[in-house]
Structures are given as structure tokens and as C-alpha cells.
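Letter by letter, the chains look like this.
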Amino acid sequence: MRIAAGQSLYEKLNILSDAAKYDVACTSSGTDRRGSGQGIGNCIAPGICHSFSADGRCISLLKILFTNECVFDCKYCINRASNDVERAAFTPDEVCTLTMEFYRRNYIEGLFLSSGVLRNPAYTMELLTATLYKLRTEHHFEGYIHVKVIPGAPQELVSRIGFLADRVSINLELPTAESLRLLAPHKTRRRILSPMRQVQTLRSENKQELVQYRSAPRFVPAGQSTQMIIGATPENDYQILSVAESLYQKFELKRVFYSAFVQVTEDPLLPALPGGPPLLREHRLYQADWLLRFYQFQADELLSEQHPNFNVFLDPKCDWALSHLEQFPVEVGSADYRTLLRVPGIGPRSAQRIVRARRMGRLDYETLRKMGVVLKRAVYFITCNGRQMYPLRMDEDFILRNLLGSGDHGRPAETVTYRQLSLFDDLQPERVLQAL
Amino acid sequence: MVTVFECEDTLDGIFTAVYDAWASRLGHSAVRLQVRGADTMQLFAVYRSVVADGSKAERVARTIQNRMGGETFEKICQAAMAKDADKADAIYRVLVLGLSRGVSERDAKQVIWQLQDPNVCHVFELSRKVGHEAHRYMGFVRFRELENGVLFSEISSEHHVLSLIGDHFANRFPQENFLIWNRGCGDCLVHRADGVWFIVLDPPSELGKAMQLSEKEEEMQRLWKGFCQSISIRERENRALQRQMLPYRFQKWMTEGLVS
């Protein structure tokens with residue numbers, strides 16, 4: 001372990017933000033809290049992005065590790081005990097100074113504090129709690145705080161830190177218990193799920209309390225989230241999505257994040273990814289995750305044992321619609337909200353606008369376009385006043401060809417009459433996936 | 001012959017014009033509303049200059065809130081902040097739909113969703129654009145600390161967003177003295193540590209000159225720029241996505257935008 005003596009704050013920030021960047025969650029959403037006027041800060045429910053880094057990801061929070069020293073030896077992690085990297089540690093005061101000064105200048109929406117495991121989980125958690133306590137009580141910071149719970153941390157510390165943070169997260173890391181055993185020998189499924197369950201229970205108790213006493217302190221008001229690494233282990237999309245679904249249903253998580261595996265350490269147990277991190281796969285999982293949370297889909301509808309991975313070429317919603325053509329076209333003038341949501345090119349906002357506008361009068365395609373319906377995709381799946389926008393065939397091959405040949409905004413090409421290569425039958429998606 | 005009511009480009013100005021046009025009893029089809037300087041003049045039209053009047057504007061505002069609801073009122077106010085030549089007239093037409101005699105209370109509150117109507121659609125769209133820009137500036141405003149402890153920021157927005165973000169920043173930094181100078185619209189938001197905030201319409205052009213930064217300001221900027229670089233994952237680099245989310249027109253005014 002290398003610890004350089006006398007590191008400056010700049011060097012520490014450099015090392016400890018670099019070490020934290022593989023954590024995906026940078027959202028500042030879920031809490032609506034006006035400032036009290038006595039301190040500094042507030043929160044708004046949709047969250048605020050303050051900047052975007054060169055990889056296009058949002059910077060909302062000051063995302064840092066308290067320390068990147070770690071006694072755990074998780075194979076995928078850059079901070080693993082056996083990895084030779086420069087180590088550093090903040091003091092609670094340094095974290096407070098950075099947070100307050102950055103926040104005042106409106107650089108950030110708040111703090112995201114995680115940490116390597118220093119000595120043991122309890123000791124580390126104690127340090128994190130002390131830091132947040134200082135920030136909230138001495139510096140009167142009322143902005144957003146997201147804190148990581150270290151697997152294996154004692155219960156009383158989890159319940160204490162929940163009153164200081166807006167969101168807590170415990171990383172699931174890998175979708176199955178076997179993978180976890182293989183790659184993260186110091187973590188077990190039980191040590192991850194039991195604090196998750198504890199936070200869930202305490203939150204629901206706190207909700208009861210808040211009904212009785214409105215000014216009672218709030219426990220994890222923005223809910224909890226977790227993260228899974230994609231592509232380090234052999235699980236398929238169906239397994240991953242099913243795990244996410246059960247986390248939403250059984251643990252009431254606010255978000256599940258997916259992190260395309262970035263190879264930062266060498267280990268025989270890790271896959272070699274010459275093509276770089278599986279970003280497209282991660283993207284498809286996020287799209288599907290949206291379908292679960294906002295579009296009332298279920299994992300079973302999107303994937304199955306026979307069809308366990310997402311189509312690389314089509315988004316999951318188009319993919320679903322194409323294999324359920326019997327449910328289309330949908331008449332926008334009369335279909336209910338839930339049915340509208342299932343049409344490719346219509347989202348929650350445009351569906352809501354359609355439902356409200358059609359009470360006031362008839363709709364037409366121009367109005368739909370202005371409402372935000374993406375006609376390029378929706379046109380194959382809807383009728384308006386009983387008519388399609390153009391005469392189109394309800395034919396899987398035809399629609400697929402046109403959806404893939406996007407970029408042309410005019411009429412779909414009707415001239416091609418021979419049967420083109422089908423992506424589903426002629427190229428198995430799994431093989432294509434591997435080839436990518 | 002159309003009578004054009006020309007008003008100043010403020011919420012009060014537009015609402016006063018609405019009041020005057022309605023009270024003129026010329027008939028809705030015989031009047032047009034226009035903000036000053038927005039458009040070329042029309043032939044065969046009579047121009048009336050409207051002087052903004054706080055009490056008339058207040059009455060219009062109250063009527064909208066009562067009859068058409070808070071949601072509609074908010075959308076109309078946002079649309080009035082847009083940089084758009086037709087906004088005043090579009091707002092007037094929406095109000096005609098909602099406030100005319102015979103419109104039921106229930107329908108009046110739904111008018112803003114009648115997106116089939118081109119004027120409603122236009123107001124809705126403007127409100128969305130302005131709200132979106134205001135939300136972005138909640139994140140993209142960058143303060144630098146001056147010698148005297150005042151936080152100073154420069155932005156250049158397309159629409160008049162200052163009145164929409166004022167409450168947010170005042171609530172966020174209640175004990176700070178801060179300025180947000182919007183070079184795009186030529187106005188400036190001023191917040192005093194005692195909680196008062198207001199907008200200065202024509203700030204002196206020497207604002208910002210001869211300002212000394214505080215002692216630790218440079219170091220904080222260095223720390224922040226360093227953070228913005230080290231937080232990015234090299235294997236995932238995607239400059240096009242970054243530009244899409246954070247266009248140059250914003251980056252230009254941001255602390256970290258000046259680095260890369």
C-alpha cells in the first residue's frame with residue numbers, strides 16, 4: 001500500500017474522485033426540501049445536473065471516496081487491497097470544506113460519499129457518519145447527500161446515517177450470489193441484502209411517524225438505490241432485469257443502476273473485453289429499466305428464457321411491439337393511458353397530453369407531433385380518427401426494415417418487396433452481441 | 001382595421017395590454033397584441049402604445065389564477081418570459097378561450113391542455129422551452145467569490161429566466177449576497193443577505209469590471225476543474241454526448257468550461 005506523505009488537498013481530491021468515478025449514481029432527485037433560511041441549501045424533486053464530464057455523464061454531486069484504502073479484495077475494483085495504487089484519505093473537515101465551497105459556487109447539488117473499507121466496516125461507517133454529522137450540524141448544510149452503506153456495517157450505524165442523508169445505497173455489485181462469491185470474496189449476498197431490508201423497514205416506520213408528527217426527522221427521504229456491474233459475469237439480460245424488478249417490488253428501491261464493466265485490474269477470473277465496456281448493453285438495460293418504472297411493463301413481457309437478451313439493433317419497446325403486432329394499431333382517440341404508453345414513440349408525457357387534449361376536441365397527426373409523439377416510430381402502431389398516417393402494412397419485416405432504416409424522415413419506403421434479411425431469424429441476437 | 005396594442009416586454013406589460021385590448025371593446029378579432037421591438041410594423045393597422053400598469057396587470061393575473069387555475073397561470077407566466085415575437089398575442093388568444101362568457105369553470109381550467117388550438121399549443125411550447133432553460137440554469141450558473149464576499153455570476157440566456165430562478169437561488173443561499181448578470185437579456189438579479197431579491201433591468205455596463213477575486217477563489221476553481229477531469233472515465237469518453245447535454249453556449253460562462 002502506497003500512501004504519499006503530505007498530500008495536498010488537490011492531490012487527494014484527484015485520487016479520491018478518480019477512485020469514486022466507477023460508481024454510477026449521480027442523481028440528486030427524490031427530495032423536495034425548501035431551505036430553512038438558517039443554513040445553506042435546498043433540494044428539488046427532479047434533481048439538478050450541474051455539469052457533464054467528457055464521458056457525457058452528468059455531474060450533480062461531489063462524488064468522492066472518504067478513503068481508497070480497502071481491506072476487501074473484490075476482483076473488479078480498482079481499490080482492491082491487492083492492487084498497487086496510490087492511496088489517500090480525507091479528514092472529515094476536508095470533506096466539509098470541499099462540499100461547502102463547491103456548493104456555494106453552485107458547482108454541485110450536494111455530496112456523494114462512499115469509501116473503501118478502512119480497518120473494518122463499522123469503523124469506516126463511523127467515519128462517514130461523523131463527517132455527515134459535522135456537515136449537517138456545524139456547517140448547516142441542507143443540500144443533497146447520498147451516502148454508501150458499507151456491507152457488514154452494524155445496524156445502529158445504518159439507522160443513524162439514514163437521518164443525515166437523503167439517499168443511501170448499498171451496491172448489489174453482481175446479479176447472482178455465485179458471481180458475488182467468485183469476484184467479491186469479502187462480500188456476501190446476505191450482508192448486502194440485510195441492510196437494504198433494514199433501510200426499507202425503517203423508511204416505512206418513519207413514514208408512519210411523519211403522518212403523526214409532520215416535523216419528525218426524515219429517514220432517507222429520497223429512498224435507496226443500488227448498482228450492478230454488467231458484463232463481468234455471465235448472467236444474461238433476463239436474469240439482470242428480473243433481479244432489478246424484484247428489487248423494485250420487494251425492497252422498494254428508487255433506482256437500480258447498471259454499470260458497464262470497465263476493466264481496471266487484471267485478474268484471471270475477469271473477462272477480457274477488447275471492444276471496451278459493454279456500453280450498448282448497459283444502454284438497453286437502462287431503457288428496459290425505464291419500461292419497468294414508468295411504462296408499467298414487467299420483465300417477463302420483455303424477455304424470457306427462450307429470448308434472454310435484448311436486441312442490439314432495436315430498443316426494448318420497439319422490440320416488444322414488433323413481437324406483439326396483434327395488439328396494434330392503437331387508436332389514439334380512445335385508447336386508455338396504459339395502452340398508449342406501450343406504443344413506441346409515445347412516452348408518459350405525450351401520453352398524458354393526448355389523454356387530456358382529446359377531451360377537448362379531435363386530434364390530428366400534426367398535433368400529435370407537436371405534443372412530442374415521435375411519429376417516425378409511432379406511425380406504424382397508431383391510427384388517428386380511424387386512419388393511419390400513410391397506408392402501411394402491419395407486417396413485422398416491413399416495419400422492422402423501416403425502423404432500422406431510420407434517418408429518413410419522409411414516407412417509409414414501400415418499394416422494397418423482396419424479403420430482407422431478418423435480424424431475428426437469420427442472425428441470432430446472441431451471436432451478434434458476442435460479435436460486438 | 002386591426003388595432004395593435006404595443007406593450008413592453010415584461011409580464012406587467014403584456015398583462016396590461018391584455019386588459020386594455022379586452023376593455024377596448026373592439027372585438028377580439030379586431031385587436032392584436034405585440035411586444036415592442038419584436039416585429040416590423042403592419043400596414044393598415046392602428047397602433048396603440050400601452051403603458052405598463054401594475055394594478056391592471058394584477059387584476060388580469062388574479063383573474064387567470066381564479067378562473068383558469070394555478071397550473072395555467074404558471075404556464076402563461078413562463079411563456080411571457082420567452083423570446084418570441086408572437087407570445088403576447090398567443091397569450092391573449094388563450095385567455096379569450098378560457099375567460100370568455102359562457103366558458104364553464106371546469107373547461108376554463110382545462111384550456112391549457114387544448115393543444116389542438118395553435119395558440120394554446122404555442123403558449124404550451126414556449127412555457128416548456130422557457131421552463132427547460134430555467135431548469136438548466138439552476139445547475140449551470142457558476143458563482144465566483146469576490147474580495148468582499150459577494151458571489152458573482154454571468155450567464156447569457158435566450159429567454160428571460162432570472163425571475164424564474166430567483167426564488168430557487170434565494171432559498172438556496174439565504175445568507176449570501178449574490179448577483180447573476182444575464183448578458184443575454186441585459187438584466188441582473190440581485191440578492192441581499194437579508195433575503196430581499198430583485199431584478200435590475202439595465203445594469204451599468206461596467207458591472208464586473210475592476211472586480212477582485214477573493215483569496216481562495218482561484219484555488220477553489222483549480223480544485224473544481226481538476227475534479228471535473230478526474231471524474232470522467234476514459235474508456236467511456238463521449239464528447240458528442242457531453243456537447244449535447246452541455247452546449248457551448250453554456251460552457252462559455254462556466255468555470256470548468258474554460259479548461260477543455
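Conventions we followed
Residues numbered from 1 in each chain as written. Chains lettered and ligands numbered in written order. Predicted model: local features only at pLDDT ≥ 70, side-chain atom pairs only at ≥ 80, totals over all residues. Heavy atoms only, no water. Helix = DSSP H or I, 4+ residues; strand = E, 2+ residues; numbered from the N terminus. Buried < 20%, exposed > 50% of the residue type's maximum accessible area, 1.4 Å probe, protein only. Contact = heavy atoms within 4.5 Å. Pairing = 2+ DSSP bridges. Axes fitted to C-alpha atoms, helices over the stretch in contact; angles between N-to-C directions. Parallel < 35°, antiparallel > 145°, perpendicular 65-115°, else oblique. Nonpolar A, V, L, I, M, F, W, Y, C, P; charged D, E, K, R; others polar. Buried area = accessible area lost by both parts, 1.4 Å probe. Salt bridge = Lys/Arg side-chain N within 4 Å of Asp/Glu carboxyl O. Expected span 1.5 Å × (residues − 1). Domains from an automatic or database assignment. Polar contact = N/O pair within 3.5 Å; in protein donor to acceptor, adjacent residues only side chain to side chain. Phe/Tyr/Trp six-rings, centres within 6.5 Å; stacked < 30°, edge-to-face > 60°.

Considering the overall build of chain B
Then, in step 1: From N to C terminus, chain B includes nine helices and eight strands.
Then, in step 2: Overall, the C-alpha framework of chain B stretches about 65 × 40 × 35 Å when taken along its three principal axes.
Then, in step 3: Looking at chain B residue by residue over its 260 residues, the buried ones come to 50%.
Then, in step 4: Look at the contacts in chain B between residues 6 or more apart in sequence, and 67% of them connect residues 24 or more apart.

With respect to the sheet that holds strand β7 (residues 187-191) of chain B
Then, in step 1: One open sheet holds the five strands; their spatial order is β4-β5-β6-β7-β8 (chain B), and the pairing between them is mixed. Here the strands that pair on one side only, and so sit at the sheet edges, are β4 (144-145) and β8 (197-200) of chain B.

Quick notes on the packing of helix α2 (residues 54-80) of chain B against helix α5 (residues 118-140) of chain B
Residue and element names in this part refer to chain B.
Then, in step 1: Contact geometry of α2 with α5 gives a least axis separation of 7 Å together with a crossing angle of 75°. Our classification of the angle between α2 and α5 gives roughly perpendicular. When α2 is examined against α5, the residues Lys75, Ile76, Gln78 and Ala79 are found in contact with a partner set consisting of Val123, Phe124, Leu126, Ser127, Val130 and Gly131.
Then, in step 2: Looking at the contact of α2 with α5 residue by residue, the classes come out as six nonpolar, three polar and one charged.

Regarding the interface of chain A and chain B
Often, the extent of an interface is quoted as the loss of accessible area upon association of its parts.
Then, in step 1: Counting residues at the interface gives 63 residues for chain A and 57 residues for chain B.
Then, in step 2: Across the chain A/chain B interface, buried area totals approximately 5300 Å², and carbon plus sulfur atoms make up 57% of it.
Then, in step 3: Contact with chain B buries surface across chain A, with A:Arg104, A:Arg105 and A:Tyr107 losing the most and accounting together for 14% of the total.
Then, in step 4: On the surface where chain A and chain B come into contact, there are eight salt bridges.

Observations concerning helix α8 (residues 279-294) of chain A
All names here are of chain A.
Then, in step 1: Helix length check: α8, at 16 residues, gives a terminal C-alpha distance of 22 Å against a target of 22 Å (1.5 Å per residue), a fit within 8%.
Then, in step 2: Contacts from the buried residues of α8 go to β9 (224-230), α7 (237-250), β10 (255-260), α9 (299-302) and α10 (316-322).
Then, in step 3: Once α8 ends, the next one or two residues include Gln296, with phi positive near 55°.

What about the pairing of β10(A)?
Residue and element names in this part refer to chain A.
Then, in step 1: Of all six residues in β10, six are buried; the element is thus mostly enclosed.
Then, in step 2: By the alternation rule, side chains of β10 split into Arg255, Phe257 and Ser259 and Val256, Tyr258 and Ala260, which are all buried.
Then, in step 3: Sheet analysis places β9 next to β10, joined by six bridges and oriented parallel. Looking at β10, one finds that Thr226 is bridged to Val256.

Describing the domain arrangement of chain A
Then, in step 1: The domain architecture assigned to chain A consists of domain 1 (2-233) and domain 2 (316-435).
Then, in step 2: For domain 1 of chain A and domain 2 of chain A, the distance between their C-alpha centres works out to 41 Å.

Quick notes on the environment of A:Asn236
Residue and element names in this part refer to chain A.
Then, in step 1: Structurally, the position occupied by Asn236 is in the loop between β9 and α7.
Then, in step 2: Spatially, the C-alpha atom of Asn236 lies 34 Å from that of Arg393, the residues being 157 residues apart in sequence.
Then, in step 3: A distance of 2.8 Å separates a polar side-chain atom of Asn236 from the backbone nitrogen of Gln239.

Some points on the packing of aromatic side chains
Then, in step 1: Enumeration according to the criterion identifies 25 aromatic pairs over all chains in this entry.
Then, in step 2: With 4.9 Å between their ring centres and 85° between their planes, A:Tyr103 and A:Phe141 make a pair best called edge-to-face. Of this pair, A:Tyr103 sits in helix α2 (residues 92-104) while A:Phe141 sits in the loop between α3 (121-137) and β7 (144-148), and the two are 38 residues apart along the sequence.
Then, in step 3: Classification of A:Tyr103 by relative accessible area gives buried; the value is 0%.
Then, in step 4: Taken together, the ring pairs connect A:Tyr103, A:Phe141, B:Phe143, B:Phe169, B:Phe173 and B:Phe178 into an aromatic cluster.

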